[in-house]
Structures are given as structure tokens and as C-alpha cells.
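# Structural characterization, general
Here is how the chains run, residue by residue.
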Amino acid sequence: MISLPTDERAPLCEALLRYIDRCPARATVAEEVLRFVADTPDCFCRSHEAGHITGSAWLLNPAGDKALLTLHRNLKRWMQTGGHADGDPDVLRTALREATEESGIGGIRVLDGEIMDVDIHRIPPNPRKNEGEHLHYDIRYLLQAPHERYAISEESIDLAWWTAADFAARAAETDEAVLRLARIWQAGSLDTNPT
């Protein structure tokens, strides 16, 4: 039994409980994230060296038929935009901020304020930032850009709009967590979150 906090972590815990109800196929991972948040008062801070909460955006173009991915400068792989909460308990706001910063696109809007997906992934050590290996407890949301014009930030080597066909053609070189987001998007419902 998880004892839920009543402080600034409570809204995220409530959102995770709703996600678990909607997406039972992802309940095990979501419960692990929920347990981490409930047990870790500083879960939103990078200073919690073992791991921390991050917020990501599955950013769609205006037509909704492409998703923007970044070729991450440090990790050298294609992924959704996102980053550290940096102490902010509003993880949706984090996802929106990171999508804006990493794409250079203003006016991004939230398509659904509920959690789209959750993921836990290991981040390798980064001596340049004096960071050891740690976990990202990533909360993902569905957002939409007002146009397709982007600017590549320092965080990225490249950015690109991917279609469903791109995900199919490049599945072998794409992380499973990103492919899962593509499947959720292509299914068209956050209530049918596939594994």
C-alpha cells in the first residue's frame, strides 16, 4: 500500500492513479513511478542524484499527422522533447517548457492534460555535467504546435517531423519507449495505451 503525500506531489500522484485506471497495461511501471514520487520529497529536483522526475512532450504538427523528435546531443538517439522538472511540481508545465525551448516553437498548446505515457529509463554518466548514472521517471503529455517551423537548440543535433511511415521504416533504430508513444498516437486514444 502506497501512502500518498498531501504536499506539492499530490497532484502528480492523483494524475498517476488516473493513468493507472485508464491504462492497466502500464500499471506496473506507473505504480513504480507513483511509489518513487510518494517516497521521495525532492523527486522534482536534479539534486536527488539517484533519479528524478522529468516531463516530456509528444509534440504534433497542426494536422496531427507528424510528431517532432529531437536527435539528443548527449544521448545520440531520436526521442521526444523533454527535460528536468528543476523543482517544479507541475510536470505538464515542464513538458510544455521543454518542448518550447527545444523546438523554438512558441504557442504550443496542450491537447490533453492527462498523462499520455510514463517511462523509467537509465541515463548514463555525464562527466561534463559531473553527473553519475541515474534514473529518469518520465511523465509524457500530448501537445500540438501551431506550425512546423522549428529551430535546433543546444540540446539537439537535429530535429525532424516523423510520420507514421517514418516510425515503421525506422523501427529498428528507434527506442522502444519512443515506438510506444508512436503506437499510442496512432491508436488515437490515450485510453488504449498499448504496451
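Structure first, text after, so check above.
Here the residue numbers are simple positions, counted from 1 along each chain's written sequence. Local features in this predicted model are restricted to residues of pLDDT 70 or higher, and side-chain atom pairs are both shown and tallied only at a pLDDT of 80 or more, whereas totals for entire chains, interfaces and linings draw on every residue. The side-chain figures draw on all heavy atoms in the structure; neither hydrogens nor water molecules are used.

## Here's the deal with the overall build of the protein chain
Within the protein chain, the secondary structure is distributed over five helices and seven strands. Taken over the C-alpha trace, the protein chain has a radius of gyration of 16 Å; the compact-globule value for 195 residues is 16 Å, and the two agree within 12%. For the protein chain, the C-alpha atoms occupy an extent of roughly 45 × 40 × 35 Å along the three principal directions. Only heavy atoms matter for contacts: two residues are in contact if any of them lie within 4.5 Å across the pair. Considering only residue pairs separated by 6 or more positions, the protein chain has 68% of its internal contacts joining residues 24 or more positions apart. In these tables, accessible area is a Shrake-Rupley quantity obtained with a 1.4 Å probe, and a residue counts as shielded only by the protein chains included in the view. Entry remark: accessible area of the protein chain is about 9,100 Å², with carbon and sulfur atoms responsible for 50%. Both charge centroids of the protein chain, one from 21 positive and one from 32 negative side chains, sit 3 Å from each other. Numbered from the N terminus, helices here are DSSP runs of H or I no shorter than four residues, and strands are runs of E no shorter than two. Radius of gyration means the value over C-alpha atoms here, while the globule rule gives 2.2 Å times the residue count to the 0.38 power. Asp and Glu count as negative and Lys and Arg as positive, but His and the ends of the chain are not part of the count. Here the site of a charge means atom NZ of a Lys, CZ of an Arg, CG of an Asp or CD of a Glu.

## Describing the pattern of salt bridges
The salt bridge criterion pairs a side-chain nitrogen of Lys or Arg with a carboxyl oxygen of Asp or Glu, the two atoms within 4 Å. Inspection of every chain in the model, using the stated rule, returns 19 salt bridges. When the shortest N-O distance is used, the salt bridge between D175 and R77 registers 2.8 Å. With D175 in the loop between α4 (164-169) and α5 (176-187) and R77 in the loop between β2 (67-72) and β3 (78-79), the pair connects residues that are 98 residues apart, well separated along the chain. According to the relative accessible area criterion, R77 is partly exposed, its value standing at 27%. D119 is paired through a salt bridge with R140; the nearest N and O atoms lie 3.6 Å apart. Residue D119 is located in strand β5 (residues 109-123), and its partner R140 is located in strand β6 (residues 134-144); the two are separated by 21 residues in the primary sequence. For the pair D119 and R140, a shared accessibility class is recorded, and that class is buried. In the salt-bridge network here, residues are joined through shared partners; they are R26, D117, D119, D138, R140 and R180. Think of it in three bands: residues with accessible area under 20% of the maximum for their type are buried, residues over 50% are exposed, and the middle band is partly exposed, with areas taken using a 1.4 Å probe on protein chains only.

## Structural notes on the packing of aromatic side chains
Classification of ring pairs uses Phe, Tyr and Trp, with its six-membered ring standing for Trp, and accepts pairs whose centres are within 6.5 Å; under 30 degrees between planes counts as stacked, over 60 as edge-to-face, and the remaining range as tilted. Under the criterion given, the structure shown has six aromatic pairs. Judged by centre distance (5.0 Å) and plane angle (50°), the rings of W162 and F167 are tilted. For the residue pair W162 and F167, the accessibility class agrees, reading buried in each case.

## Some details on a positive patch on the surface
The patch calculation keeps residues exceeding 30% relative accessible area without a salt bridge and links them within 9 Å when they carry like charges or within 5 Å when they are nonpolar (Val, Leu, Ile, Met, Phe, Trp, Tyr). Taken together, the side chains of R73, K76, R128 and K129 make up a positively charged region of the molecular surface. Judged by its relative accessible area of 56%, K76 falls in the exposed class.

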